Amino acid sequence: MIEILLILSANILYFYQYNDSDGKLYLVEARRVVEEIEEKKPEASEIEAMDFDKYETIAGVREFVAGEACDNDYLVEEIAGKLYRIEYAEERSSRVPLYINLTLLGMMAVTIIVLMYVYHKVLKPFQDMSNLPYELAKGNLSMPVKEEKSKLFGRFLWGMDMLREELEETKEKELEFLKERKTLILSLSHDIKTPLSSIELYLKALSEDLYDKQERKDEALQGIARNVKEIKGYVNEIVTASREDFLHLEVRTGEYYLSEVIKATESYYKDKLSVIHTEFQVDEVSECLVRGDKDRMAEVLQNVMENAIKYGDGKRIRISFGEEEDCKLIQIGNSGCNLKKEELPNLFDSFYRGSNSTGRKGNGLGLYICKILMRKMDGEIFAGMEEDVFCVTIVVRKA
């Protein structure tokens, strides 16, 4: 719309100026010709032979003869008592508005093409997929993601579809896991009833003094102890089932270069730590091929780094490296440690939070997840303290 208005404005302005008598070039040049002739006062034959090439619109000057044919437009002026025909060619500049219009129309056509391209390649695909995050947030994980060949959104939609499939698979596993857990608990609960009933009978018999011999009483006490031990076994099974594998952590073991994960971690946290003015140092790491899951390794590093940021004093964080037999050691240390040494063995337990976690959000699962992942990748993770530096060491197997 703006370009159409510009085209109309340019045409109106041009024709307004063109039709203004003061702005017509041939009138101005005709007056100059008259003034030149009056100043030089040449003969009639000399006037027709004069050079008018310096004028843009004047084609020539001839003595006016009524009824004489002329191919050009002309003006009649009286010079030195005689009438002269001043011929002009106004059409020399008549193509200017055509050129202007063609240029503006060309620009308009290019703009329309660009807008159509943007609509089909950017706006329409974005509009089609705008409802996808909302459906995923509602839990509608069975909705397939329409494939998009656009270079702009093709990879994004592919990633969203992978996320949808991963969430759907996780949901199915969680439902299956809950079903198995419920079945296990119901089964154990049923099994516990039998020893409990036995204990109840023994206690009733003892309380009512139904056993007249000491041997019978001792047998009852042994039966109670045996059933209590059996109940403890069932309780331990319930506790173990409740603590182990409550997170479905899959690991796809392969080979990758450790430097790739370290550089990605450094790049991610470099800007983040500079904003909070934390000194961040990453030692040089050699090109070492290691075994494990590259994505899971990045997750472990991220969990440890987040803990270093959350529980440190914000002054220094350093990533260093070491070697031990066929393993590569990654050490992440942060200043400002105020943990007690006796807490170190419990840091990697599920839902455990140290004494320095007061007032800080968390669920005590970060380091527990790291331990599970590292052991599934045939690695290990442990923590240590030296003065005010808290250091987490990650052990990775070389390929």
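Refer to the structure above for everything that follows.
Just so it is clear, the structure is predicted and the values come from calculations on it, not from any experiment. (Residues numbered from 1 in each chain as written. Predicted model: local features only at pLDDT ≥ 70, side-chain atom pairs only at ≥ 80, totals over all residues. Heavy atoms only, no water.)

Which parts of the structure should I look at to understand empty space enclosed by the protein?
The rolling of a water-molecule-sized probe over the atoms marks out the regions of remaining empty space. Throughout the structure, instances matching the rule amount to one cavity of 30 Å³ or more. Taken as a whole, the largest cavity spans an internal volume of roughly 40 Å³. What lines the largest cavity is Ile 276, Thr 278, Ala 308, Ile 309, Gly 312, Asp 313, Gly 314, Lys 315, Arg 316, Ile 317, Asn 334 and Ser 335. Class assignment for the residues of the lining of the largest cavity results in four nonpolar, five polar and three charged. (1 Å grid on protein atoms, 1.4 Å probe; cavity = no way out; pocket = protein on both sides within 12 Å on 5 of 7 lines; lining within 4 Å. Points joined across faces, edges and corners; volume = space filled by probe spheres on them. Nonpolar A, V, L, I, M, F, W, Y, C, P; charged D, E, K, R; others polar.)

Sorry if this is basic, but what is going on with a nonpolar patch on the surface here?
On the surface, Val 110, Val 114, Tyr 117, Val 118, Tyr 119 and Leu 123 cluster together to form a nonpolar patch covering roughly 550 Å² of accessible area. With respect to the element layout, Val 110 can be found in helix 4 (residues 96–129). Overall, Val 110 belongs to the exposed group, its relative accessible area being 52%. (Patch = residues over 30% accessible without salt bridge, like charges linked within 9 Å, V, L, I, M, F, W, Y side chains within 5 Å. Areas by Shrake-Rupley, 256 points an atom, 1.4 Å probe, with all protein chains shown as cover. Salt bridge = Lys/Arg side-chain N within 4 Å of Asp/Glu carboxyl O. Helix = DSSP H or I, 4+ residues; strand = E, 2+ residues; numbered from the N terminus. Buried < 20%, exposed > 50% of the residue type's maximum accessible area, 1.4 Å probe, protein only.)

Mind showing me how you'd approach the environment of Val 235 here?
Positionally, Val 235 belongs in helix 7 (residues 214–243). Judged by its relative accessible area of 38%, Val 235 is partly exposed. As a C-alpha pair, Val 235 and Ile 192 span 43 residues in sequence and 8.7 Å in three-dimensional space.

Got a minute to help me understand a negative patch on the surface in this structure?
A cluster of acidic side chains, namely Asp 313, Glu 386, Glu 387 and Asp 388, defines a negative patch on the protein surface. Counting through the fold element by element, Glu 386 comes out in strand 9 (residues 380–386). (Lys, Arg positive; Asp, Glu negative; His and termini not counted. Charge placed at Lys NZ, Arg CZ, Asp CG, Glu CD.)

Just to check I follow, could you spell out the sheet that holds strand 10 (residues 389–397) for this structure?
Backbone hydrogen bonds are what pair the strands of a sheet, in a parallel or an antiparallel way. Within the open sheet, the five strands sit side by side as 5-7-8-10-9. Their pairing is mixed. The strands lining the two open edges of the sheet, one partner per strand, are strand 5 (279–282) and strand 9. Each adjacent strand pair in this sheet contributes to an overall mean axis angle of 20°, direction not counted. As paired strands, strand 9 and strand 10 are joined by seven bridges and run antiparallel to one another. Paired with Ala 383 across the strands is Val 392, a residue of strand 10. Where helix 10 (residues 366–376) meets the sheet, its contacts fall on strand 9 and strand 10, and the angle it forms with strand 9 comes to roughly 130°. (Pairing = 2+ DSSP bridges. Axes fitted to C-alpha atoms, helices over the stretch in contact; angles between N-to-C directions. Contact = heavy atoms within 4.5 Å.)

Help me understand the side chain of Arg 85, please; the structure alone is not making it clear to me.
One can find Arg 85 in strand 3 (residues 82–88). Residue Arg 85 is classed as buried on the basis of its relative accessible area of 3%. A polar atom in the side chain of Arg 85 sits 3.1 Å from the side chain of Glu 87. With residues up to four places along the chain from it excluded, the contact list for Arg 85 reads Gly 60, Val 61, Arg 62, Glu 63, Phe 64, Glu 68, Ala 69, Cys 70, Tyr 74 and Leu 75. (Polar contact = N/O pair within 3.5 Å; in protein donor to acceptor, adjacent residues only side chain to side chain.)

Please clarify how the packing of helix 8 (residues 258–275) against helix 9 (residues 294–311) should be interpreted in this entry.
Helix-helix packing is characterised by the crossing angle of the two axes and by the distance between the axes. Orientation of helix 8 relative to helix 9, taken along the N-to-C sense of each, is 30°, at an axis distance of 10 Å. The handedness of the crossing between helix 8 and helix 9 comes out as right-handed. Contacts between helix 8 and helix 9 involve Glu 260, Val 261, Ile 262, Thr 265, Tyr 269, Lys 272 and Leu 273 from the first element and Lys 294, Met 297, Ala 298, Leu 301, Gln 302, Met 305, Glu 306 and Ile 309 from the second. Grouping the amino acids of the contact of helix 8 with helix 9 by side-chain chemistry returns nine nonpolar, two polar and four charged. (Left-handed = near helix turned anticlockwise from the far one by under 90°.)

I'm lost on the packing of aromatic side chains in this one. Help?
Each aromatic ring pair is described using two quantities: the centre-to-centre distance and the angle formed by the ring planes. For the structure shown, the criterion picks out one aromatic pair. With 4.8 Å between their ring centres and 85° between their planes, Tyr 268 and Tyr 269 make a pair best called edge-to-face. In this structure Tyr 268 comes out as partly exposed when scored by relative accessible area, which is 48%. Directly above the aromatic system of Tyr 74 lies the positively charged group of Arg 85, at a separation of 5.7 Å from the ring centroid. (Phe/Tyr/Trp six-rings, centres within 6.5 Å; stacked < 30°, edge-to-face > 60°. Lys NZ or Arg CZ within 6 Å of the ring centre and 35° of its normal.)

Can you help me understand the sheet that holds strand 2 (residues 73–79) in this one?
Ordered by their spatial adjacency, three strands build an open sheet running 1-3-2, and the pairing between neighbours is antiparallel. The two strands at the open ends of the sheet, each matched to only one other strand, are strand 1 (58–63) and strand 2. Along the sheet, successive strands turn relative to each other by an average axial angle of 25°, direction set aside. Pairing of strand 1 with strand 3, which is carried by five bridges, proceeds in the antiparallel orientation. In the strand pairing of strand 3, Gly 60 is matched with Glu 87. The strands that helix 2 (residues 25–40) touches are strand 1, strand 2 and strand 3; relative to strand 2, the one it contacts most, it runs at about 35°.

Honestly, the environment of Ser 320 in this entry has me stumped. Any pointers?
Turning to its location among the elements, Ser 320 is positioned in strand 7 (residues 316–324). Once you skip the residues sitting within four places of it in the chain, Ser 320 turns out to touch Asp 283, Leu 329, Ile 330 and Gln 331.

Where do I start with helix 2 in this structure?
Each full turn of the α-helix corresponds to 3.6 residues, which orients residues three or four apart in the same direction. In this model helix 2 runs 23 Å from its N-terminal to its C-terminal C-alpha over 16 residues, within 8% of the 22 Å that 1.5 Å per residue would give. Inspection of helix 2 places Tyr 26, Leu 27, Glu 29, Ala 30, Val 33, Val 34, Glu 36 and Ile 37 among the buried residues, and these make up the whole buried set. Buried-residue contacts for helix 2 involve helix 3 (44–49), strand 1, strand 2 and strand 3. The positive-phi residue at the C-terminal boundary of helix 2 is Lys 41, with phi of around 50°. (Expected span 1.5 Å × (residues − 1).)

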